[in-house]
Amino acid sequence: MRGYAETNVTFSNTAKSMGSGNLEVFATPAMVALMEQAAVNALELPEGQSSVGTSLTINHIAATTIGVKITATAELIEIDRRRLVFTVEASDEAGQIGAGKHERFIIDIEPFLNKAQKRNREI
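About the thresholds
- Going along each chain's sequence as written, the residues are numbered from 1 onward.
- Side-chain atom pairs in this predicted model are given and counted only at pLDDT of 80 or more, local residue features only at pLDDT of at least 70, and totals for whole chains, interfaces and linings cover all residues.
- Side-chain figures throughout are based on the complete set of non-hydrogen atoms in the structure, without hydrogens or water.
- For helices the rule is a DSSP run of H or I covering at least 4 residues; for strands it is a run of E covering at least 2, with both sets numbered from the N terminus onward.
- For the exposure calls, accessible area comes from a 1.4 Å probe over protein chains only, and a residue counts as buried if that area is under 20% of its type's maximum, exposed if over 50%, partly exposed in between.
- A contact between two residues is defined here by any heavy atoms of the two lying within 4.5 Å.
- Computed with the Shrake-Rupley method and a 1.4 Å probe, the accessible areas treat only the protein chains shown as cover for residues.
- In this tally, Asp and Glu contribute negative charge and Lys and Arg positive charge; neither His nor the terminal groups of the chain are included.
- To locate a charge, take atom NZ for lysine, CZ for arginine, CG for aspartate or CD for glutamate.
- As used here, the term nonpolar core means buried Ala, Val, Leu, Ile, Met, Phe, Trp, Tyr and Cys residues forming a set that is joined through side-chain atoms within 4.5 Å.
- Each helix should span, by expectation, one fewer than its residue count multiplied by 1.5 Å.
- We count a salt bridge whenever a side-chain nitrogen from Lys or Arg sits within 4 Å of a carboxyl oxygen from Asp or Glu.

Undergrad: Hey, could you run me through the overall build of the protein chain in this one?
TA: Check the secondary structure of the protein chain and you find three helices and five strands. When its helices and strands are written in sequence order, the protein chain yields β-α-α-β-β-β-β-α. For the protein chain, the spread of C-alpha atoms along the principal axes amounts to about 40 × 35 × 20 Å. Within the protein chain, the proportion of its 123 residues that are buried is 30%. Sequence separation of at least 24 residues holds for 62% of the intrachain contacts in the protein chain that already meet a minimum separation of 6. Accessible surface, the protein chain: about 7500 Å² in total, of which carbon and sulfur atoms supply 50%. Of the side chains in the protein chain, 12 bear a positive and 15 a negative charge, and the two mean positions are spaced by 8 Å.

Undergrad: I would appreciate a short explanation of the nonpolar core in the present structure.
TA: Note on soluble globular proteins: their nonpolar side chains tend to be buried together. Ranked by size, the top nonpolar core spans 23 residues in total, and within it Phe 26, Ile 70 and Phe 86 carry the most contacts. Counting residues per element, this core draws most heavily on helix α2 (residues 28-42), at seven residues. Excluding its chain neighbours within four sequence positions, the residues that come into contact with Phe 26 are Thr 7, Val 9, Asn 13, Ala 15, Met 31, Leu 34, His 60, Thr 64, Ile 70 and Ile 97.

Undergrad: Where do I start with α2 in this structure?
TA: Every α-helical turn comprises 3.6 residues, leaving residues that sit three or four positions apart pointing alike. End to end, α2 covers 21 Å across 15 residues, agreeing with the expected 21 Å (1.5 Å per residue, within 8%). Where α2 is buried, its residues contact β1 (2-8), α1 (15-18), β2 (49-60), β3 (69-80), β4 (83-92) and β5 (95-108).

Undergrad: Please explain the pattern of salt bridges as it appears in this structure.
TA: Close approach of charged atoms lets side chains of opposite charge pair. With the rule as written, the count across this model stands at eight salt bridges. Across the pair Glu 75 and Arg 2 runs a salt bridge whose closest N-O atoms are separated by 3.2 Å. Here Glu 75, found in strand β3, pairs with Arg 2, found in strand β1; they are 73 residues apart in sequence, far enough to count as distant. As a salt-bridge pair, Arg 83 and Glu 78 come within 2.9 Å of each other at their nearest N and O atoms. Under the relative-accessibility criterion, Glu 78 is labelled partly exposed at 35%. Through salt bridges with shared partners, a single network forms among Glu 78, Asp 80, Arg 81, Arg 83 and Glu 103.

Undergrad: What is the right way to look at the environment of Val 25 in this model?
TA: Residue placement: Val 25 occurs in the loop between α1 and α2. Judged by its relative accessible area of 18%, Val 25 is buried. When the C-alpha atoms of Val 25 and Thr 10 are compared, they prove to be 8.6 Å apart, with 15 residues separating the residues in sequence.

So far we have only geometry, and geometry alone does not tell us how the molecule works.
See below:
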């Protein structure tokens, strides 16, 4: 299973705008979000289920400037009950800018949200 996501580099997803650096280049947090979106797009879960990201190990290896298109891909490489492992990659028009592995868990939405709300009430 493969998923894809894309975006264009704009000021709002630069390191300078997101607070992860001082330069107007594609931010690592924006790349992470795009990779996660690609993984989510790879899944077709039944109603009442979703997935949550639990781990991401990546390398951001090249800078991309404003105006350039970024594409992320995710390929499901392992299934262990509800645990899913993806390889993820991000590229701009010149080539790969990042790669790594991403782990997600399939959850039942209602019990998951109930548990989160209960935890937050205890704060």
